[in-house]
Amino acid sequence: MTRPAIHAGARRLSAIGPSRGAHAPLLATLCLAATAVTHPALAQRPAEGSEAAAYVAVDAESVALQGVTLIDGTGGPPLRNQTIVLEGNRIAAVGPADEVGVPEGAQALDLSGHTVMPGMVGLHDHLFYMAAGGRMHPMSYTGQRLYLGSGVTSIRTTGSLATYAELNLKDEIERGLQPGPRIHITAPYMTGDESLNIMTRFRSPEQARRFVRYWAAEGATWLKAYTTISTDDLAAAIDEAHKAGIKVTGHLCSISFTEAVALGIDNIEHGLSTNSDYSPTKVKDECPADLRETATSVDVEGPEVAATFRAMIDNNVAMTSTLAVYELFVAGRPTRDARTLAAMAPSVREDYLAAKAQIDEIGPPEDGFLNAMAYEKAFYDAGGVLAAGVDPTGNGGALAGYGDQRNYELFIEAGFAPSDAVKVLSSNGARVLGVFEDLGTVEAGKIADLVVMRGDLTANPSVIREVTIVFKDGIGYDSPAMLDDVIGRVGIN
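What you see is a predicted model, and the numbers here were worked out from it, not measured in a lab. (Residues numbered from 1 in each chain as written. Predicted model: local features only at pLDDT ≥ 70, side-chain atom pairs only at ≥ 80, totals over all residues. Heavy atoms only, no water.)

Caption draft 1: Here's a closer look at the pattern of salt bridges. Under the criterion given, the structure shown has 29 salt bridges. Here Asp456 makes a salt bridge to Arg80, at a shortest N to O gap of 3.3 Å. Linking Asp456 in the loop between β21 (450-454) and β22 (467-472) with Arg80 in strand β5 (residues 79-87), this pair joins segments that are 376 residues apart in sequence. The class for Arg80 is partly exposed, based on a relative accessible area of 45%. In this structure, the salt-bridge partner of Arg406 is Glu327, at a minimum N-O distance of 2.7 Å. Taken as a pair, Arg406 in helix α14 (residues 402-413) and Glu327 in the loop between α10 (323-326) and α11 (338-343) lie far apart in primary sequence, 79 residues in all. Residue Arg406 is classed as buried on the basis of its relative accessible area of 16%. The class of Glu327 is buried, set by a relative accessible area of 2%. (Salt bridge = Lys/Arg side-chain N within 4 Å of Asp/Glu carboxyl O. Helix = DSSP H or I, 4+ residues; strand = E, 2+ residues; numbered from the N terminus. Buried < 20%, exposed > 50% of the residue type's maximum accessible area, 1.4 Å probe, protein only.)

Dropping the structure here:
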């Protein structure tokens, strides 16, 4: 079937009127060399007339992105004046503009002044939202749009509130009915006593094994342990999970990082703030009361921290950074992003601002937060696999997608080079999920998941917010249109 290279998304852009006039340059760019082409069926491509199709801005068998600054996700230096050629849903060629030509009949996009990076891989990206006061809402509409529109093309849910709703959304995205990222499903939380009542409270290792077998059969590919799980129950869950070919991560406390590594865990969430390795009051299977104090005072260059890192690295255990959610609880931090506030439902926004005002008045200083940032940088520098996610919980200020972008800015503040920060956000996440062969870097042969941003990301970290087009499976989606459609809805649906 013949499709126009610019269709639904361009129609949306042409109809935006004066209030969206800032997007006019994007429309002009997208209309360059527009041609009608025959497009084969691609993985996760939008179905005709679907909600996903409404956001499509670039749909051609062959596309050339010209003149871009490329941060390719490998950790190598930024590359200037690059041409990226997409054929179908794969990257066909990448290189300097004077070496990589535009194929005959390709849709050529002049993207001078833009930066391209791989689609982000969010490793702690729930499909539910927690507002101030602890109110939880499944993100049946806003979540998938915020993620994809922000440049997050793959997520792992890392703890489920409504697992069947998430499995159904995954199915709808894969069938091209809904816009959204690739989804790796994590089962409901596994915990012990005194954790939230939405979680599964284990009472025996056999219950843990039964739980794992059930959710592996239902389609979960990851499990998440929570703060009060016992050693025996976590050991049983990990053992059963590995028999079933799925993996386990954890937001830990009762079990320290090194203890979890010894049990065979695959990934650990949140970093320093949840690691009880350094607590002088730690006893087996209990969460110490002094966790915050030790996280603030521990020497990230000391031998205790080095021992944790060595255990994790030697056993291929990755760490997931979620700095964007922890920043919300620190007095005086810049946590009133205008886009975030606009996306919230009015009552949710009011509650969040009230909570933030209180934190700024009586909340902890940033010493502990800065130490947590240094801890993650030290882990990465030691050779650890650091990935990232937003964790849209806490007091509601870390939104899906926007919080993933904020993590980039925080990595730069922590001393990461732009290339290393992008590697954490993309290829390291792909490695943890076992999809690095196809995703995570901008290299010939990989699936065409790309983020196009207006500006030079290497010079200004806030450019991470200036997304214009997000390519997923070689299809370009209109990011501003997608994000406009969530305004005022976060906390409702």
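Caption draft 2: Expanded view of the nonpolar core. Core analysis: the largest hydrophobic core is formed by 102 residues, its most contacted members being Met190, Leu223, Ile268, Tyr375, Phe411 and Leu457. In this view, Tyr375 contacts Phe257, Gly271, Leu272, Asn275, Tyr278, Val300, Val305, Thr308, Phe309 and Met319; residues no more than four positions away in its chain are not counted. Judged by nonpolar contacts, the second largest core, of 19 residues, contains Val68, Leu70, Leu86 and Ile91. (Core = buried A, V, L, I, M, F, W, Y, C linked by side-chain atoms within 4.5 Å. Contact = heavy atoms within 4.5 Å.)

Caption draft 3: Broad picture of the confidence of the model for the protein chain. Residues at a pLDDT of 70 or more form 91% of the protein chain, whose mean pLDDT is 91. Ranking the elements of the protein chain by mean pLDDT puts strand β1 (residues 2-4) last, at 31, and strand β8 (residues 114-118) first, at 99. Between residues 1-42, whose pLDDT stays under 50, and residues either more than four places distant or in other chains, the model counts 90 contacts. (pLDDT = per-residue confidence, 0-100.)

Caption draft 4: Broad picture of the packing of helix α9 (residues 303-314) against helix α13 (residues 367-381). Running from amino to carboxyl end, α9 crosses α13 at an angle of 50 degrees, the nearest separation of the two axes being 10 Å. Classified by the angle between their axes, α9 and α13 sit oblique to one another. The interaxial crossing formed by α9 with α13 has right-handed handedness. Residues Val305, Thr308, Phe309, Met312 and Ile313 of α9 lie in contact with α13, whose contacting residues are Tyr375, Ala378 and Phe379. (Axes fitted to C-alpha atoms, helices over the stretch in contact; angles between N-to-C directions. Parallel < 35°, antiparallel > 145°, perpendicular 65-115°, else oblique. Left-handed = near helix turned anticlockwise from the far one by under 90°.)

Caption draft 5: The packing of aromatic side chains, seen in detail. This model, assessed by the stated rule, comprises 9 aromatic pairs. Taking 5.2 Å as the distance between ring centres and 65 degrees as the angle between the ring planes, the aromatic pair formed by Phe309 and Phe379 counts as edge-to-face. One end of the pair, Phe309, is in helix α9; the other, Phe379, is in helix α13, with 70 residues separating them in the sequence. Taking relative accessible area as the criterion, Phe379 reaches 0% and is therefore assigned buried. Ring pairing ties together the aromatic residues Tyr278, Phe309, Tyr375 and Phe379, which thus form one cluster. Above the face of the Phe416 ring, Lys377 is positioned so that its terminal group lies 5.8 Å from the ring centre. It is Arg489 that lies over the ring of Tyr141; its NZ or CZ is 3.8 Å from the centre. (Phe/Tyr/Trp six-rings, centres within 6.5 Å; stacked < 30°, edge-to-face > 60°. Lys NZ or Arg CZ within 6 Å of the ring centre and 35° of its normal.)

Caption draft 6: Quick peek at the state of the cysteines. Tallied over the full model, the rule gives 1 disulfide. Two residues share a disulfide in this structure: Cys253 and Cys287, whose sulfurs sit 1.6 Å from each other. Around the S-S axis, the bridge from Cys253 to Cys287 shows a dihedral of about 65 degrees and counts as right-handed. Within this pair, whereas Cys253 is found in the loop between β17 (247-250) and α7 (257-263), its partner Cys287 is found in the loop between β18 (267-269) and α8 (291-297), the two being separated by 34 residues in sequence. Residue Cys253 is classed as buried on the basis of its relative accessible area, which comes to 2%. For Cys287, a relative accessible area of 39% translates into the label partly exposed. (Disulfide = S-S within 2.5 Å.)

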